[in-house]
Amino acid sequence: MGTKEALIYFLIIIFSFIISIPFIWYFAVPVSLIKDSLEGSVSAQNSRDGVKVFTEGLGKGFFFTVHADRIDFKGGGAPCLSITNITVRINPLYLL
């Protein structure tokens, strides 16, 4: 195998890896995992009478985006903050 063929194989492998990452996000990461992580991260730290998070209409887009129709923060059972129509984009380079 020559240097030119090795370079072509290397570029094909790199290109395949880059293309496969958004597909892994879209098909392998369920929305329930994102919802449980979001609600659990805030609620677990303030478990007694602290802040709890509830989400409605949570979904994910193709290129590392997450959108929700509504996110409610409740403290001690009373509503504290409500955020509607929110979209977040995750930069995958920050996850390294």
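Residues numbered from 1 in each chain as written. Predicted model: local features only at pLDDT ≥ 70, side-chain atom pairs only at ≥ 80, totals over all residues. Heavy atoms only, no water.

Please provide a residue-by-residue account of the overall build of the protein chain, values included.
Assigned secondary structure in the protein chain consists of two helices and four strands. Mapped in sequence order, the helices and strands of the protein chain form the string α-α-β-β-β-β. Per-residue burial for the protein chain yields a buried fraction of 17% across its 96 residues. For the protein chain, the accessible surface area stands at approximately 7,300 Å², while carbon and sulfur atoms represent 66% of it. (Helix = DSSP H or I, 4+ residues; strand = E, 2+ residues; numbered from the N terminus. Buried < 20%, exposed > 50% of the residue type's maximum accessible area, 1.4 Å probe, protein only. Areas by Shrake-Rupley, 256 points an atom, 1.4 Å probe, with all protein chains shown as cover.)

For the pattern of salt bridges, give the residues involved together with the corresponding values.
Applying the stated criterion across every chain, the model contains one salt bridge. Where arginine 70 meets aspartate 72, a salt bridge forms, and the shortest distance between an N and an O atom there is 2.9 Å. For aspartate 72, a relative accessible area of 10% gives the class buried. (Salt bridge = Lys/Arg side-chain N within 4 Å of Asp/Glu carboxyl O.)

Give me the packing of aromatic side chains: which residues, what numbers.
Summed over all chains, the structure comprises three aromatic pairs. When the ring of phenylalanine 23 is compared with that of phenylalanine 27, the centres are 6.3 Å apart and the planes differ by 0 degrees; the resulting orientation is stacked. Here phenylalanine 23 and its partner phenylalanine 27 are both found in helix H1 (residues 3-28), four residues apart, which amounts to about one turn of the helix. With relative accessibility at 40%, the residue phenylalanine 23 sits in the partly exposed group. Ring centres of tryptophan 25 and phenylalanine 64 lie 5.5 Å apart, and the angle between their planes is 40 degrees; this geometry places the pair in the tilted category. (Phe/Tyr/Trp six-rings, centres within 6.5 Å; stacked < 30°, edge-to-face > 60°.)

Outline the confidence of the model for the protein chain, listing residues and values.
Across the protein chain, the average pLDDT comes to 83, with 90% of residues at 70 or higher. When mean pLDDT is taken per element in the protein chain, strand E4 (residues 78-89) scores highest with 90 and helix H2 (residues 31-45) scores lowest with 81. (pLDDT = per-residue confidence, 0-100.)

Report on H1, specifying residues and quantitative values.
For H1, which comprises 26 residues, the first-to-last C-alpha distance of 36 Å matches the rise-based estimate of 38 Å (1.5 Å per residue) to within 8%. At serine 20, H1 is deflected by roughly 25 degrees, the largest bend along its length, and proline proline 22 occurs up to four residues later in sequence. (Expected span 1.5 Å × (residues − 1). Bend = angle between axes of the 7 residues up to and from the residue.)

Got a sec to walk through unusual backbone geometry? Specific residues and values, please.
Glycine aside, negative phi is the norm for most residues, and most peptide bonds take the trans geometry. Backbone geometry at asparagine 85 places phi at a positive 50 degrees, although glycine is not the residue there. As for its placement among the helices and strands, asparagine 85 is situated in strand E4.

An account of the nonpolar core is requested, with residue identities and associated values reported.
A general feature of soluble globular proteins is that nonpolar side chains tend to end up buried together. Grouped together as the largest cluster of nonpolar side chains are eight residues: Trp25, Ile34, Val53, Leu58, Phe64, Val66, Ala68 and Ile71. For this core, the element with the most residues is strand E3 (residues 65-75), which contributes three residues. Setting aside residues up to four positions removed in sequence, isoleucine 71 forms contacts with Leu38, Val53, Phe54, Thr55, Leu81, Ser82, Ile83 and Ile86. (Core = buried A, V, L, I, M, F, W, Y, C linked by side-chain atoms within 4.5 Å. Contact = heavy atoms within 4.5 Å.)

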